[in-house]
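Summary of structural features
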Amino acid sequence: MADELSHPAHPTDLRPATIAVTGGRPSRQPDAPLNVPITMASTYVAAGDVEYGRYGNPTWSAFEDVLGALEGGRALAFASGMAAATTVLDLVGRDGGVVAPQHAYSGTIMALADLEARGRLHAELVDIADTDAVVGAMKADEDCALLWIESPTNPALELADIETLARAAHELGVRVVVDNTFATPLLQQPLSLGADIVVHSATKYLAGHSDVQLGALVVSDEEVHGALKARRDLVGAVPGPFETWLALRGLRTLHLRLERAQQNAVEIAGRLADHPGVVEVRYPGFGAIVAMVLADGFTADLVTRSTRLWVQATSLGGVESTLERRRRWQAEAQTIPEGLVRLSVGIEDVEDLWADLSRALAALAP
Ligand SMILES: *Cc1c(COP(=O)(O)O)cnc(C)c1O
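This section reports on the structure supplied with the text. Worth saying up front: this structure is predicted, and the values here are computed from it rather than measured.

The tally for this structure, following the rule as stated, stands at two aromatic pairs. Geometrically, the ring pair formed by Y52 and Y55 is edge-to-face, given 5.9 Å between the ring centres and 70 degrees between the ring planes. Note on F242 and W245: the rings are 6.3 Å apart at their centroids and 15 degrees apart in plane angle, and the pair reads as stacked. Linking F242 with W245, this pair stays in helix α9 (residues 241-251), spanning three residues, or about one helical turn. Using a relative accessible area of 22% as the deciding quantity, one classes W245 as partly exposed. Between the NZ or CZ atom of K204 and the centre of the ring of Y105, over which it lies, the distance is 5.3 Å. If you follow R232 out to its NZ or CZ, it ends over the ring of F78, 5.9 Å from the centre.

Tracing the backbone through its elements, the reader meets R257 in helix α10 (residues 254-273). The buried charged residue R257 lacks any salt bridge, with E320 as its nearest oppositely charged partner at 8.6 Å. In terms of polar contacts, R257 uses its side chain to reach the backbone carbonyl oxygen of L206, at 3.3 Å. Leave out the neighbours within four places in its chain, and R257 touches Y205, L206, A207, G208, H209, G250, L251, G317, V319 and I347.

Calculation criteria
- Residues numbered from 1 in each chain as written.
- Predicted model: local features only at pLDDT ≥ 70, side-chain atom pairs only at ≥ 80, totals over all residues.
- Heavy atoms only, no water.
- Phe/Tyr/Trp six-rings, centres within 6.5 Å; stacked < 30°, edge-to-face > 60°.
- Helix = DSSP H or I, 4+ residues; strand = E, 2+ residues; numbered from the N terminus.
- Buried < 20%, exposed > 50% of the residue type's maximum accessible area, 1.4 Å probe, protein only.
- Lys NZ or Arg CZ within 6 Å of the ring centre and 35° of its normal.
- Lys, Arg positive; Asp, Glu negative; His and termini not counted.
- Salt bridge = Lys/Arg side-chain N within 4 Å of Asp/Glu carboxyl O.
- Polar contact = N/O pair within 3.5 Å; in protein donor to acceptor, adjacent residues only side chain to side chain.
- Contact = heavy atoms within 4.5 Å.

Dropping the structure here:
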């Protein structure tokens, strides 16, 4: 079966901002467009490398070229982050074990629970920041096949020691996957830390404008790439060309968006830490997601309902600032505090963001 459509190989010695802007472009023929077109095709003329729409698309390839170069591997685009994540879980053989963070993205936890309930695999949920506990869980299960890492976790913002965990996992013959959605390849490159597979919800920072559902996997090993591509071909969780094109357009400015959002997040986290109405602030020191813990769920709902610039909405990683109380979702881990509000800090002017948030918090003062 045909592999990718070919794009001009990208020089690997470029820095991330340059890769983000220059990667995945059409070759420079006179009158060629600078940007890759949106190729709407379910079928291609026979005898080429692709043949059929489920097996490949030039717009996917351009997105994959850029993301792969940023992560230091080869990328595969999927219809959503969950399509990418469940494709990885599909590699786990029958009765295999998965060790995963207790505070991983709730969709990942639900997918694991679903597969476990149907006898496909078994999962052990751990505190991913506790390296000894994670290694212990892998050792305790002789059928352990996969270590699922998310770092920072969503929404608890715990950090995993990816390098140490990957080394320990490989000694035990366990494959390592890292959900890199929060950090993006600009702040963390799991493949270079020893991970085998990187998962992205490209819906978030990579696309970056809250208008696209897309996922991706990135790997360095050709054999693993082939296995995942085969799953994508068979299961068919393939992305739309237009969605992929929008995500590629989003990638062009990832470094600028993330830089501004992170600056804003540092500022907001610092000011929240000094605020008397805030019980606890969690900020891992990088990225643009901040969690603030308020007294209780009622208080948190009051605040999330009364901001005017910050939008009360789920999801994250867009140019616009959003916030939500995570426990309003049934599926969220019970160990997440009722009053935890996850803030996705956007790229607006930080003084306007703070004025709006502090106005909402002021309503709490006695
Ligand atoms: C949103 C998210 C996902 C799921 O991605 P979708 O694109 O919504 O399917 C997976 N992991 C993390 C960390 C996320 O935030």
